[in-house]
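For reference, the chains in residue letters:
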Amino acid sequence: LVGDPQPEDRRFQRYAEKGIDRVVSIQENAEDLFAQAGLLTKGHYVHDALPLLEKAVDLDPINPGYRLELGWTLFTLKKRDEGQAEIEIAVELAPDNVFVRGHLALLYENRDKLIWAHDNYKIIHTELQKRKRRKEGLTEEEQALHQRAKQRMAKIEDVAKRGHFPFMSQGRFIYCNTMMM
């Protein structure tokens, strides 16, 4: 190269000096894999998307979006425990992301872990209420999620009031008349 290196070249030089010469290419590769998996999932080729998502997570294990999509794909493919574990990791990586938490709440609800689902819907509701009070404004998607979270909490609470609130305890369903929150 002739002349001063461009800012991008300096960045690569800094990575090389630290022994990190593949960071950018790995990130781009993970993004490409994730994008390809998204196309497959939208085309109802969920099973074919799984290895791409697993590879994307291997390349970028701290990306909550990749973990979430992998978890939901596993859940869709009836690998429920593995899917739940991935989505729980996604929530750990992005605890304030109400959309990631919304997927976890829905997963818990589908697995009849209604207390856990309710807790996550409540966290979503509370976080979005705070944003509204601070006048930050909510996007249309956040407004829709806020409304769904309120509806799902009310439905779970209604089930509990009728005395049919199932949750798992040592492999058996137990019905309780009150909900502990």
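For the structure itself, look to the data block above.
Computed from a prediction, not measured in an experiment: that's the story for all the values here.

### Remarks on the packing of helix 3 (residues 46–59) against helix 4 (residues 64–76)
Point 1. For the pair helix 3 and helix 4, the least separation of the axes is 9 Å and the interaxial angle reads 145 degrees. Here the hand of the crossing between helix 3 and helix 4 comes out left-handed. Seen from helix 3, the contacting residues are Val46, Leu50, Leu53, Glu54, Ala56 and Val57; seen from helix 4, they are Tyr66, Arg67, Glu69, Leu70, Thr73, Leu74 and Thr76.
Point 2. Looking at side-chain class alone, the contact of helix 3 with helix 4 contains eight nonpolar, two polar and three charged residues.

### A closer look at helix 7 (residues 114–133)
Point 1. For helix 7, which comprises 20 residues, the first-to-last C-alpha distance of 28 Å matches the rise-based estimate of 28 Å (1.5 Å per residue) to within 8%.
Point 2. Residues of helix 7 that are buried: Leu114, Ala117, His118, Asn120, Tyr121, Ile124, His125, Glu127, Leu128 and Arg131.
Point 3. At the exit of helix 7 stands Lys135, carrying a positive phi of roughly 60 degrees.

### Details of the packing of aromatic side chains
Point 1. Throughout the structure, instances matching the rule amount to three aromatic pairs.
Point 2. Geometrically, the ring pair formed by Phe34 and Tyr66 is tilted, given 4.8 Å between the ring centres and 35 degrees between the ring planes. With Phe34 in helix 2 (residues 23–42) and Tyr66 in helix 4, this residue pair connects regions lying 32 residues apart in the sequence.
Point 3. Between Tyr108 and Trp116, the ring centres sit 5.2 Å apart and the planes meet at 65 degrees, which makes this aromatic pair edge-to-face.
Point 4. The class of Trp116 is partly exposed, set by a relative accessible area of 44%.
Point 5. When the ring centre of Phe75 is taken as origin, the NZ or CZ atom of Arg80, which lies over that ring, is 4.7 Å away.

Rules used throughout
- Residues numbered from 1 in each chain as written.
- Predicted model: local features only at pLDDT ≥ 70, side-chain atom pairs only at ≥ 80, totals over all residues.
- Heavy atoms only, no water.
- Axes fitted to C-alpha atoms, helices over the stretch in contact; angles between N-to-C directions.
- Helix = DSSP H or I, 4+ residues; strand = E, 2+ residues; numbered from the N terminus.
- Left-handed = near helix turned anticlockwise from the far one by under 90°.
- Contact = heavy atoms within 4.5 Å.
- Nonpolar A, V, L, I, M, F, W, Y, C, P; charged D, E, K, R; others polar.
- Expected span 1.5 Å × (residues − 1).
- Buried < 20%, exposed > 50% of the residue type's maximum accessible area, 1.4 Å probe, protein only.
- Phe/Tyr/Trp six-rings, centres within 6.5 Å; stacked < 30°, edge-to-face > 60°.
- Lys NZ or Arg CZ within 6 Å of the ring centre and 35° of its normal.

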